[in-house]
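Chain and residue survey
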Amino acid sequence: MAERTPEAGNAIGEAPAPLTERAARPSPFPDRAARHWILSAIFWLTVVDLFGLVLATEFVTPEAFGGISWLSFSRIRPSHVSGVILAWLTMMYFGALFYMLPRLIGTRGMWSERLGVWCAWLWNLMFLLGVIGLLTGHSQGREYGEFIWPIDILLLVIWLANIVNILATVSLRTIRPIYVSVWFFIASPIWLAVDYAIGNVIWRPGSIWGAPSGALEGSLSDAMLNWWYAHNLFGLWLTPMLIAITYYMVPRVTNTPLYSYTLSLISFWGMAFLYTGVGDHHILQSPTPSWLKTIAEVSSWALLIPVFAFTINILGTMKGNWEKFFTNLPLRFTLTAFFFYFLVNIQGAFEAIQPFNKLQHFTNFVVAHAHLALLGAFTILGMGVIDYIVAQVYARPLFSRTLTEWQYWLVTVGFTGFFSVLTLAGFQQGFSWAEGIPEVNVLPQLHAYYVARGIFGAMIVVSGIVQIVNVGMTIFTNTHERRRQETLRVAEAVAPPVSG
Amino acid sequence: MDDERTQTQHDGPKLPRGWAPHPPERMLITPLVAGLGGLLAFFTVVFIVVWLPIHTFDPPASLDWTPLSDQAVKGRNLFAQNGCYVCHSGYSRPQDVRESLYFLYPKVSQPGDFFGSDQSPNLLGTERTGPDLSQESGWHPDDWQRAHFYDPRFVDPLSLMPPMKSLFSDTQIEQLITYVETRSGKSGLLRYAGQLYSKHVVTTNQGFPQPYTGFQGAHKPILEGNDKILNPPKNQLEEAPNLSQIDRGYWLSGDPLPVTEENLLRGKEVFLQRCVGCHGIAGDGKGPGAAFMSPSPADFTSADDACCGGDTGPGDFYYRILRGWPGTAMENFGERLSVDDIWRVVLFIKTIPNHTLRKNVVPEPKDYIVWQPSKELVAWLKTQQKLTDNAGFAKKQVTDPFMQEAMRVFPGLAPGDKFLLNDGKTPLSLDDAAAGIKAIYQDLLDRAWNEARTRGDKLPPEAQKAIPPTVPGQQ
């Protein structure tokens with residue numbers, strides 16, 4: 001099977017960076033666009049992590065930043081969520097896309113690297129303006145769609161420019177059959193553009209600088225649209241891109257062709273048909289039509305079909321390659337993210353059935369679930385991909401493997417603890433509420449969980465900073481030369497040159 | 001490191017039994033298939049899960065629905081823009097409604113509650129760090145809301161809500177309060193009308209001015225009652241208007257719990273957890289929230305005044321903690337504290353004059369001041385108000401919602417009771433209260449309807465407005 005399909009090994013045009021002191025070979029790809037998006041993403045990761053840390057602190061001591069209006073919990077929380085999705089993950093994904101796409105279709109770079117660079121700067125500006133708006137109380141007040149109308153328009157313009165860049169690049173391809181990742185690279189940005197435009201109701205700008213703006217007239221219609229849109233940020237953008245990048249990383253790093261073409265077909269079309277309709281499972285307890293809830297519940301379970309197809313495909317590709325999980329750090333990040341991705345789908349399916357939904361709805365269990373996806377899966381994947389791409393683009397090994405190991409363990413342990421305490425806190429809330437205990441009486445019992453969450457959260461922040469240091473040192477110092485000198489020193493100490 | 005290039009190429013993994021290799025010429029995905037095919041799949045589902053529900057689901061206004069006034073709409077927009085929905089949901093779920101519990105979620109939200117165009121954007125929310133606010137109207141008076149917005153721990157030391165003092169101006173906070181107090185439909189308006197009417201009664205009766213508006217309470221002295229304007233009617237117990245807000249079943253009730261060190265200590269613990277925001281760390285009614293409130297919170301430090309005076313027995317204290325004191329900022333704690341804990345707080349309060357609130361002091365049974373009903377009270381009960389005349393004891397259920405609300409805020413009045421407030425001129429009776437509440441309710445409702453009509457909002461037929469409110473969750 002594998003040898004007849006478009007082969008990952010053939011489709012990817014470059015060898016992994018050498019870890020020996022072999023002389024650096026400059027990359028034949030310009031990668032200017034990729035570099036701008038990736039490096040911006042690394043910066044935003046720490047910013048949005050710090051937003052999260054502010055939130056965690058306010059859960060422990062609500063008066064901590066009491067005097068500063070723009071650090072108020074209610075304004076930071078939308079900034080944290082928008083920042084994770086639009087600044088960190090989206091910039092990381094576009095960076096990875098601009099890196100991987102030319103290598104997969106046999107072009108030297110994107111159609112226009114310059115357009116990609118411009119878009120990166122504009123995107124940074126867009127997010128900065130949007131977040132300043134949120135922190136000063138200019139918000140549409142719709143969860144996941146908080147940015148005000150002018151920012152929405154700016155975002156869509158940049159997004160469309162990126163789509164043009166991608167499609168033009170694909171049209172220049174020299175490898176005719178396109179690889180699985182490229183399917184997603186083409187479809188996913190288009191899906192999201194439509195999703196964002198419909199979900200933010202951009203044809204109703206309303207008062208433009210804040211609510212009511214970008215919302216349907218009927219409250220419940222607006223809620224159904226809101227959650228359809230919000231879940232498709234994950235379903236049609238963050239998740240397909242995770243799949244696309246995993247489909248690139250695993251065959252590439254292990255140098256193994258993808259296990260099955262058929263399974264990747266199932267995972268692509270399954271995503272397209274089944275993920276688009278799950279959004280209503282966010283409001284299963286609300287007074288909205290039952291038939292829509294049923295569709296959402298069934299879709300949420302049926303979604304396991306493409307998820308299992310993807311899982312089997314990756315595990316099949318990894319067969320016989322597991323030693324690289326321990327030796328290759330980008331692969332370890334990728335597969336850890338892959339594991340959490342699998343978990344989040346199983347968990348999500350259970351959350352979408354009524355009896356369990358009744359218990360955990362509105363509790364921290366949902367917050368834990370959201371972090372399992374956005375932190376456990378997407379962020380850990382992003383960290384690994386960035387480490388991989390930076391080494392490739394700058395054609396040198398990362399500055400320090402020790403730092404990368406620290407980065408990995410800080411984020412993995414930090415996230416696992418974070419997820420566990422919030423899940424427990426969610427059960428505490430759910431069972432207490434079910435007994436008739438009001439919310440405020442449960443708060444003192446949650447204090448210990450909130451303290452632990454803050455500590456684990458701090459580990460995640462540190463992990464992001466470690467990456468900034470590591471990547472920065474990789475760029476600004478010549479690791480090759482340093483390693484060569486070290487090797488020479490060792491060699492001389494072991495066997496001093498015989499003097500003539 | 002291993003040299004990956006010299007490794008022998010995989011021959012492809014073995015296929016599971018029964019599988020055939022995928023024919024390469026079939027189902028190849030081209031860019032066109034990925035792009036347009038993907039969009040086709042997307043729009044197929046969008047038609048079903050977005051277009052269909054939005055165009056077929058149009059429930060009529062529920063009987064409880066009301067439009068929002070202009071002021072409330074402004075408040076709603078502030079609520080949305082500042083992200084209040086991230087902690088407060090906007091609908092009560094079937095599993096939230098618990099009969100016979102107190103107040104928080106008296107009914108399940110109906111589709112028709114979300115009628116109209118003034119509820120856009122949706123504020124359903126996804127997380128409950130704080131309580132749901134869809135039924136919040138009327139449970140607290142405006143002055144409580146102001147103190148709570150300024151700093152939530154002023155009125156609820158356990159709260160995790162961020163202080164709003166740096167987020168909103170005085171005008172904005174009044175808009176937010178209007179939104180919160182009128183967002184719950186007709187049943188909420190009815191409660192709010194009861195709250196406004198009893199505020200009028202309580203301040204008039206005790207000679208208090210109206211509370212400060214906006215956040216001024218944070219910077220001004222605690223309000224004081226003016227005894228000079230009071231001219232209590234002769235032949236009427238001075239405490240009678242206050243007692244009228246307490247169910248008669250509690251007027252003479254003693255403590256069911258023994259006065260032990262354990263009970264007193266637990267009472268002190270609960271007092272420190274819940275009560276000090278208003279009543280102060282010394283129990284003197286000078287907590288940080290006190291300056292917002294009119295009338296100001298009770299001072300428990302004097303052995304013969306609010307704490308242990310002859311007219312207010314332990315049962316009265318119990319009832320006020322259990323159900324709150326409409327018109328004052330005293331909340332109901334019936335859902336948050338167990339019956340035993342409320343009684344323990346009552347026991348403890350009656351030790352406060354003996355300095356039991358001091359640090360590291362364990363209240364002892366000898367500190368407890370035993371209550372004796374005053375001669376005037378006993379005489380009053382013999383001649384004027386009999387315990388058995390309690391309105392709640394009536395065999396025939398009242399059906400008029402305004403009378404129901406009047407009975408909720410004045411449970412101690414019998415249908416025939418006619419008193420004057422302590423200013424000597426304002427009448428106090430269930431009929432007056434029901435009429436007053438109805439007038440306030442009607443005024444709030446008319447104003448909201450007129451302003452919604454001027455805004456050009458979608459409105460149900462005029463007949464919906466005339467349907468009287470219902471009182472969900474009444475015991």
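All of these numbers come straight from a predicted model, not from anything done at the bench. (Residues numbered from 1 in each chain as written. Chains lettered and ligands numbered in written order. Predicted model: local features only at pLDDT ≥ 70, side-chain atom pairs only at ≥ 80, totals over all residues.)

Let's talk about the overall build of chain B
- The secondary structure content of chain B amounts to 14 helices and 2 strands.
- A compact globule built from 475 residues would reach a C-alpha radius of gyration of about 23 Å, whereas chain B, at 29 Å, exceeds it by more than 25%.
- Based on the C-alpha atoms only, the size of chain B along its principal axes is roughly 105 × 65 × 45 Å.
- Counted over contacts in chain B with a minimum sequence separation of 6, partners at least 24 positions apart contribute 76%. (Helix = DSSP H or I, 4+ residues; strand = E, 2+ residues; numbered from the N terminus. Rg over C-alpha atoms; globule rule 2.2 N^0.38 Å. Contact = placed C-beta atoms within 7 Å.)

Describing the overall build of chain A
- If you tally the helices and strands in chain A, you get 17 helices and 0 strands.
- The C-alpha atoms of chain A give a radius of gyration of 23 Å, which matches the 23 Å a tight globule of 500 residues would have.
- Counting only C-alpha atoms, chain A reaches 90 × 50 × 45 Å along its principal axes.
- In chain A, buried positions account for 58% of the 500 residues.
- Counting contacts in chain A only where the partners sit at least 6 residues apart, residues at least 24 apart contribute 84% of the total. (Buried ≥ 20, exposed ≤ 12 C-beta atoms within 10 Å, placed from the backbone.)

Digging into the packing of helix α6 (residues 180-199) of chain A against helix α1 (residues 31-56) of chain B
- The interhelical angle for the contact between α6(A) and α1(B), taken along N-to-C directions, is 35°, at an axis separation of 8 Å. The element α6(A) and its partner α1(B) pack so that their crossing is right-handed. Contacts between α6(A) and α1(B) involve Trp183(A), Ile186(A), Ala187(A), Ile190(A), Trp191(A) and Val194(A) from the former and Pro31(B), Ala34(B), Gly35(B), Gly38(B), Leu39(B) and Phe42(B) from the latter.
- Its residues assigned to classes, the contact of α6(A) with α1(B) comprises 10 nonpolar, 2 polar and no charged. (Axes fitted to C-alpha atoms, helices over the stretch in contact; angles between N-to-C directions. Left-handed = near helix turned anticlockwise from the far one by under 90°. Nonpolar A, V, L, I, M, F, W, Y, C, P; charged D, E, K, R; others polar.)

Some points on the environment of Ala64(A)
Residue and element names in this part refer to chain A.
- Its place among the elements puts Ala64 in the loop between α2 (32-60) and α3 (73-105).
- Here Ala64 falls in the partly exposed class, since 14 other C-beta atoms lie within 10 Å of it.
- Separated by 416 residues in sequence, Ala64 and His480 place their C-alpha atoms 46 Å apart.
- Those residues in contact with Ala64, other than ones at most four positions away along the chain, are Thr57 and Glu58.

Observations regarding the packing of α3(A) against helix α4 (residues 113-135) of chain A
Residues and elements named next belong to chain A.
- Packing of α3 against α4 brings their axes to within 9 Å, and their N-to-C directions diverge by 175°. As far as their axial angle goes, α4 and α3 are roughly antiparallel. Contacts between α3 and α4 involve Arg75, Pro78, Ser79, Ser82, Gly83, Leu86, Ala87, Met91 and Phe98 from the first element and Gly116, Trp123, Phe127, Gly130, Val131, Leu134 and Leu135 from the second.
- Of the residues that constitute the contact of α3 with α4, the class distribution is 10 nonpolar, 5 polar and 1 charged. (Parallel < 35°, antiparallel > 145°, perpendicular 65-115°, else oblique.)

Structural notes on the confidence of the model for chain B
Residue and element names in this part refer to chain B.
- When the pLDDT values of chain B are averaged, the result is 89; 93% of them are 70 or greater.
- The lowest-confidence element of chain B is helix α11 (residues 375-383), averaging 88 in pLDDT; the highest-confidence one is helix α4 (residues 170-182), averaging 97.
- Predicted confidence for residues 1-10 stays below pLDDT 50, and this span has 7 contacts to residues more than four positions away or in other chains.
- Here the predicted complex carries an ipTM of 0.90, next to a pTM of 0.91. (pLDDT = per-residue confidence, 0-100.)

Let's talk about the interface of chain A and chain B
- Taken together, the contact between chain A and chain B spans 88 residues of the former and 72 residues of the latter.
- Elements supplying a minimum of two residues to the side of chain A that touches chain B: α2, α3, α6, α7 (219-254), α8 (261-274), α9 (290-302), α14 (364-393) and α16 (439-476) of chain A.
- The residue inventory of the side of chain A that touches chain B, partitioned by class, reads 47 nonpolar, 27 polar and 14 charged.

Re the confidence of the model for chain A
- Across chain A, pLDDT averages 91, with 94% of residues at or above 70.
- Note that pLDDT drops below 50 for residues 1-23 of chain A; the model gives that stretch 54 contacts with residues more than four away or on any other chain.

Considerations on the environment of Thr246(A)
Residue and element names in this part refer to chain A.
- Tracing the chain through its elements places Thr246 in helix α7.
- On the basis of neighbour count, Thr246 is assigned to the buried category, with 25 C-beta atoms found within 10 Å.
- For the pair Thr246 and Leu329, spaced 83 residues apart in the sequence, the C-alpha separation amounts to 14 Å.
- In contact with Thr246, other than residues within four places in its own chain, are Ile314, Thr334 and Phe338.

Some thoughts on the domain arrangement of chain B
All names here are of chain B.
- What the domain assignment reports for chain B is domain 1 (70-228 + 397-466) and domain 2 (240-383).
- Every contact between the two is made by 47 residues of domain 1 and, on the other side, 31 residues of domain 2.
- Looking at the side of domain 1 that touches domain 2, the elements that each hand over two or more residues are α3 (142-150) and α5 (185-206).
- When residues in the side of domain 1 that touches domain 2 are grouped by element, the largest group, 9 residues, is from α5.
- Here the residues of the side of domain 1 that touches domain 2 sort into 29 nonpolar, 12 polar and 6 charged. (Domains from an automatic or database assignment.)

Side note on helix α12 (residues 329-351) of chain A
- Here α12(A) is 23 residues long and its end C-alpha atoms lie 32 Å apart, about the 33 Å a rise of 1.5 Å per residue gives.
- For α12(A), a buried count of 17 out of 23 residues is recorded, marking the element as mostly surrounded by other parts of the structure. (Expected span 1.5 Å × (residues − 1).)

Looking at unusual backbone geometry
- Each neighbour pair has its own omega, and for Ala211(A) with Pro212(A) the value is -5°, a cis peptide bond.
- Considering the arrangement of structural elements, one finds Pro212(A) in the loop between α6 and α7.
- Residue Pro121(B) is reached from Ser120(B) by a cis peptide bond, and omega for that bond is 0°.
- For Tyr144(A), which is not glycine, the phi torsion reads 70° and is therefore positive.
- Its place among the elements puts Tyr144(A) in the loop between α4 and α5 (149-171).
- With 21 C-beta atoms counted inside 10 Å, the residue Tyr144(A) sits in the buried group.
- You will see that Asn360(B), though not glycine, has its phi angle at about 60°, which is positive.
- Tracing the backbone through its elements, the reader meets Asn360(B) in the loop between α10 (339-349) and α11.

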